Amino acid sequence: MFPPIPNPSLAPEAAKPTFGEKDILRRSASEVTPPAQRLTEVAKLIDVSKCIGCKACQAACLEWNNLTEEIGFNHGVYDNPMDLTPNTFTLMRFTEWENPETENLEWLIRKDGCMHCEDPGCLKACPSPGAIVQYSNGIVDFQHENCIGCGYCIKGCPFNIPRISKVDHTAYKCTLCSDRVAVGQGPACQKACPTQAIVFGTKDEMKGWAEGRIKDLKSRGYENAGLYDPPGVGGTHVMYVLQHADQPSLYAGLPDNPRISPIVETWKGVTKYVGLAVMGFAAAAGFLHYVVAGPNKVAPEDEENAEKLVDGTGAPPPAPPAGQPEGRV
Amino acid sequence: MVAIDPHARAAVPVPDDVEPGDAVRPGHPVQVKRYTVGARINHWITAISLVLLALSGMALFTPKLFFLTGLFGGGQWTRAIHPWIGVVLFVSFAILFIRFWRANLPAREDVDWVAHSADLLAGREEKMPEVGKYNAGQKGVFWAMSGLIIVLIGSGIVMWDQYFYDLTTIPQKRWAILVHAVAAVCIICVWIIHVYAAIWVKGTIGAMTRGEVTGGWAWRHHRKWLRELVRKPDPGARGPAE
C-alpha cells in the first residue's frame, strides 16, 4: 500500500499556499521568465488495473469543486454523464473488451481528465494572456478571469479535455486540485479512491510506485503492462498504469501517441510570423511605391479630352481592340 | 470610329460593365456618376465590417495584438462579437456581389492590362489599354474578396463553437482555424491593395463618398466605360443628353 497523505494540520501557517504566481513556468500568450528554481514535479498515478469503477473520484471532484452535474439519462451504459462537461472534470469511461488471446472479457475502466502535459497544447493555442498557466510543479491551470471562451484550448488539447461553460463562457477542466496541492494535500479524487487506484506524490515517486505495480501485473500474465507517460507531449503529470500499455486506444480511445496537432503548431507558429510579415510587407510596399512613384493624378488634358468626348468635338478615338498590340501607339 | 450620337443608343446593347445609375453629366469639368447611394451605403457597411473583423481577428491571432480587444470591450466581447460582424459582412458583401459581379466579368482587354501592369505602377498610364468600369486589378480585388469571404464564413462557422460546436470534429475545427487565419491574412493584403489604390489614384475616393468622379478621371482610368456612357446616356437619370 502506498503511504496515504496525512490529514492537514490545523495550524494557521499550514494554510499558506506553497506555490503561486512566482512559480509560473509558462503563461498563455505571454513571455515569462521561468523561475530560477523549479518545484518538485508532482504527478497523479491512475492504476487502471485497480479501479473498480465506483465513481467515488467523480463524486469527490464535484464535491470539492462545488459543482453539480445535470441529471441526465440512462443510456444503458455505466458512463454517466456520457462525456466530460464544464462541471464534470473527471469521468469514468467503461470499455468492455474481449481479449483475443485469452478470450476473456476485460472491463477496462479509465478515469478520464486533464493529463497536465509537460508541453500543454491548450496553453500553446490560447490567445488570451494568462488564461492558462503552468506551474513549475507541472500543474496546468485555467485562470477564469482571463479566459475569453474562444475554445482554442479545445483544439490545442491532444486529449479532448477542456469544455466551455454555457453559463460564464469560460473553459473548465481538472485543476489537479491545485488549491489542495498548494497546502500539502492530494487531489480530492485521490483522497476518495477506496482501492488506491489513484495515488499522488512527486513524479519520481509515482514512477517508482508504477514500476512495482507493473512488475506485479506482468507476474500475473499481463506481459504488456506498462506506464502511460507519453513522450509526445513531454510526459504528463497524470499517468496511467495500463494492463495493455501497447494499445492505449483500447481504453476508450486514449491516444496511442499524443502530440500537439501539427495543424495547431503550424497555425501558432509559421502562420503567425509569415502572416504578420506578409501584411507588413504589403503595407510597406504601398508606402514605398507612393514615395517613389508619387500620386497618380488626373492631368488637365484628361479633363479636356473628357469634355471634348462629351461635346462630341474631336476627342482621340479609341485604341484598336486588344489582340493587335502592334496597332497601339 | 463609333459615332457619338445619343440616338444610336437603341442599337447598342448596354455593355456588361455599365451599371444602373452610371451616367455622364456634361459641364466643366464633366462629372460622371459612378456609384448610387445604395451602392455606397452597401460598400461602407461592408468596409466598416471588414475593418472591425480585421482588428478583432488580429487581436486573437497574435498575443502582440491582443490589446486590440480593448476596442471591443475586452476579450469576451471580442470573441462573442467577431462572428456576428462576420455575418453582417457576409450579407452585406453578398448584396454588393449581386450589384457588381456583371461589371467584373473578364474582358478581352484585361489580359493586355495585366501585361502592362508594370507600366501602370511606373506611371506610364498612356501604355495601358482602354478599360471598362473596372480594370483587371479591380476585378482581381473583387473576385479575391468574393472567394476569400466564402472561405472565411465557411471556416468561421466551423469554429463558431457557441452555436455550431457539435456539427464538426476537433480535427476539422483545427483545419478550419488554420484556413481561417491564412484566408484572413490574404484578405487583409487584398484590402491593403484596395485601399492603397484608392489613395494612390487621385480622384478615386469621391466615387465612394459623393458617388461621382470627374470626366478626366474616367478618361484617364476607365476610358472605355466613359465612351460607353457617352454613347448611351442614362435614360433613368434625366432626359436625353441634348
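Parameters at a glance
- Residues numbered from 1 in each chain as written.
- Chains lettered and ligands numbered in written order.
- Predicted model: local features only at pLDDT ≥ 70, side-chain atom pairs only at ≥ 80, totals over all residues.
- Helix = DSSP H or I, 4+ residues; strand = E, 2+ residues; numbered from the N terminus.
- Buried ≥ 20, exposed ≤ 12 C-beta atoms within 10 Å, placed from the backbone.
- Contact = placed C-beta atoms within 7 Å.
- Pairing = 2+ DSSP bridges.
- Axes fitted to C-alpha atoms, helices over the stretch in contact; angles between N-to-C directions.
- Core = buried A, V, L, I, M, F, W, Y, C linked by C-beta atoms within 7 Å.
- Parallel < 35°, antiparallel > 145°, perpendicular 65-115°, else oblique.
- Left-handed = near helix turned anticlockwise from the far one by under 90°.
- UniProt positions renumbered as here; feature names shortened; annotations may be inferred.
- Domains from an automatic or database assignment.
- Nonpolar A, V, L, I, M, F, W, Y, C, P; charged D, E, K, R; others polar.
- pLDDT = per-residue confidence, 0-100.
- Expected span 1.5 Å × (residues − 1).
- Bend = angle between axes of the 7 residues up to and from the residue.

(A) Focus on the overall build of chain B. Across its full length, chain B carries ten helices and three strands. Reading the helices (α) and strands (β) of chain B from amino to carboxyl end gives β-β-α-α-α-α-α-α-α-α-β-α-α. With the C-alpha coordinates of chain B rotated into their principal frame, the extents come out at 65 × 40 × 30 Å. Taken across its 242 residues, chain B has 40% of its residues classed as buried. In chain B, once contacts between residues fewer than 6 apart in sequence are set aside, the share between residues at least 24 apart is 68%.

(B) Seen up close, the sheet that holds strand S11 (residues 238–242) of chain A. Residue and element names in this part refer to chain A. As summarised here, the arrangement of the four strands in space is S9-S2-S11-S10, forming an open sheet in which the pairing is mixed. The strands lining the two open edges of the sheet, one partner per strand, are strand S9 (198–202) and strand S10 (226–228). Going across the sheet, the axis of each strand differs from the next one's by a mean of 25 degrees, ignoring polarity. Contacts from helix H6 (residues 203–219) reach strand S2 (42–47), S9, S10 and S11, with the element oriented near 135 degrees to S9.

(C) Up close: the interface of chain A and chain B. Taken together, the contact pairs 50 residues of chain A with 54 residues of chain B. For the side of chain A that touches chain B, the secondary-structure elements that each account for two or more residues are helix H3 (152–156), helix H7 (262–293) and helix H8 (300–311) of chain A. The dominant element in the side of chain A that touches chain B, judged by the number of residues it contributes, is H7 of chain A, at 16 residues.

(D) The nonpolar core, seen in detail. Counting residues in each nonpolar core, the largest one holds 103 residues, and the members touching the most others are Leu45, Val48, Cys126, Ile132 and Cys153 of chain A together with Ile187 of chain B. In terms of residue count, the dominant contributor to this core is helix H7 (residues 170–200) of chain B (eleven residues). Those residues in contact with cysteine 126 of chain A, other than ones at most four positions away along the chain, are Ser28, Ala29, Ala131, Ile132, Tyr152 and Cys153 of chain A.

(E) Region of the structure containing the packing of H8 of chain A against helix H10 (residues 223–231) of chain B. Packing of H8 of chain A against H10 of chain B leaves a shortest axis separation of 9 Å and a crossing angle of 30 degrees. With respect to each other, H8 of chain A and H10 of chain B are oriented roughly parallel. Between H8 of chain A and H10 of chain B lies a crossing of right-handed hand. Facing H8 of chain A, whose interface residues are Ala306, Leu309 and Val310 of chain A, H10 of chain B presents Leu226, Arg227 and Val230 of chain B.

(F) Broad picture of the UniProt feature "transmembrane region" (unreviewed entry) in chain B. As recorded in UniProt, the feature "transmembrane region" (unreviewed entry) lies at residues 41–61, 81–101, 141–160 and 175–201 of chain B. Structurally, residues 41–61 of chain B comprises 100% helix and 0% strand, and the distance from its first C-alpha atom to its last is 29 Å.

(G) Highlighting unusual backbone geometry. Here asparagine 80 of chain A and proline 81 of chain A are connected by a cis peptide whose omega angle stands at -5 degrees. Along the chain, the position of proline 81 of chain A falls in the loop between helix H1 (56–64) and strand S3 (91–98). Cis geometry marks the peptide bond from histidine 28 of chain B to proline 29 of chain B, where omega comes out at 0 degrees. Positionally, proline 29 of chain B belongs in the loop between strand S1 (23–25) and strand S2 (31–33). One non-glycine residue, glutamate 103 of chain A, lies in the positive phi region at around 60 degrees.

(H) Looking closely at the domain arrangement of chain A. Residues and elements named next belong to chain A. Parsing chain A into structural domains produces domain 1 (15–260) and domain 2 (261–297). The straight-line distance from the C-alpha centre of domain 1 to that of domain 2 is 41 Å. Between domain 1 and domain 2, the residue contacts involve six residues of the former and four residues of the latter. Sorting the residues of the side of domain 1 that touches domain 2 by element identifies helix H2 (121–125) and H3 as the ones contributing at least two each. Sort the elements by how many residues they give to the side of domain 1 that touches domain 2 and H2 lands first, with three residues. Split by residue class, the side of domain 1 that touches domain 2 holds two nonpolar, two polar and two charged.

(I) Broad picture of the confidence of the model for chain B. Residues and elements named next belong to chain B. Chain-level pLDDT for chain B is 92 on average; 91% of the residues reach the 70-or-more range. In this model, residues 1–11 is a region of pLDDT below 50 whose contacts with residues beyond four sequence positions or in other chains number 13 contacts. Here residues 236–242 is modelled with pLDDT under 50, and outside its nearest four sequence neighbours on either side it reaches six contacts, counting other chains as well. Here the complex is predicted with pTM 0.92, and the ipTM for its interfaces comes to 0.92.

(J) Spotlight on the sheet that holds strand S6 (residues 140–142) of chain A. Residues and elements named next belong to chain A. A sheet is described by the order of its strands in space; here three strands give the open sequence S1-S5-S6, paired in antiparallel fashion. Each end of this open sheet is capped by a strand with a single partner; those strands are strand S1 (24–27) and S6. Neighbour to neighbour, the strand axes of the sheet diverge by 25 degrees on average, direction disregarded. As judged from the three bridges shared by strand S5 (residues 132–135) and S6, these two strands associate in the antiparallel manner. Considered in S6, the bridge of valine 133 is made with aspartate 141.

(K) H7 of chain A, seen in detail. The terminal C-alpha atoms of H7 of chain A lie 43 Å apart, and with 32 residues this matches the ideal 46 Å at 1.5 Å per residue to within 8%. Considering bend angle alone, the principal kink of H7 of chain A is centred on threonine 271 of chain A and spans about 40 degrees. Considered for burial, the residues of H7 of chain A that qualify are Val264, Trp267, Lys268, Thr271 and Gly275 of chain A. On its buried side, H7 of chain A packs onto H2 and H3 of chain A together with H7 of chain B. Where H7 of chain A ends, the next residue or the one after it, glycine 294 of chain A, has phi of about 75 degrees, a positive value.

(L) Representation of helix H1 (residues 37–61) of chain B. If you check H1 of chain B, its first and last C-alpha atoms are 35 Å apart, about what 25 residues at 1.5 Å a residue would give, namely 36 Å. At its buried positions, H1 of chain B is contacted by H7 of chain A together with helix H2 (75–100) and H7 of chain B.

(M) Geometry of the environment of glycine 123 of chain B. Tracing the backbone through its elements, the reader meets glycine 123 of chain B in the loop between helix H4 (117–121) and helix H5 (136–158). In this structure, the C-alpha to C-alpha distance between glycine 123 of chain B and glutamine 162 of chain B, residues 39 residues apart in sequence, is 50 Å. Residues in contact with glycine 123 of chain B, not counting those within four places in the same chain, are Ala293 and Asn296 of chain A.

(N) Examining the packing of H1 of chain B against H2 of chain B more closely. Residues and elements named next belong to chain B. At a minimum axis separation of 8 Å, H1 and H2 run at an interaxial angle of 150 degrees. Pair H1 / H2 crosses with left-handed handedness. By residue class, the composition of the contact of H1 with H2 is 14 nonpolar, ten polar and one charged.

(O) Representation of the pairing of S9 of chain A. Residue and element names in this part refer to chain A. With four of five residues buried, S9 is to be regarded as a mostly interior element. Relative to S9, S2 runs antiparallel, the two being bridged by five bridges. Across the sheet, residue valine 42 finds its bridge partner in S9, namely threonine 202.

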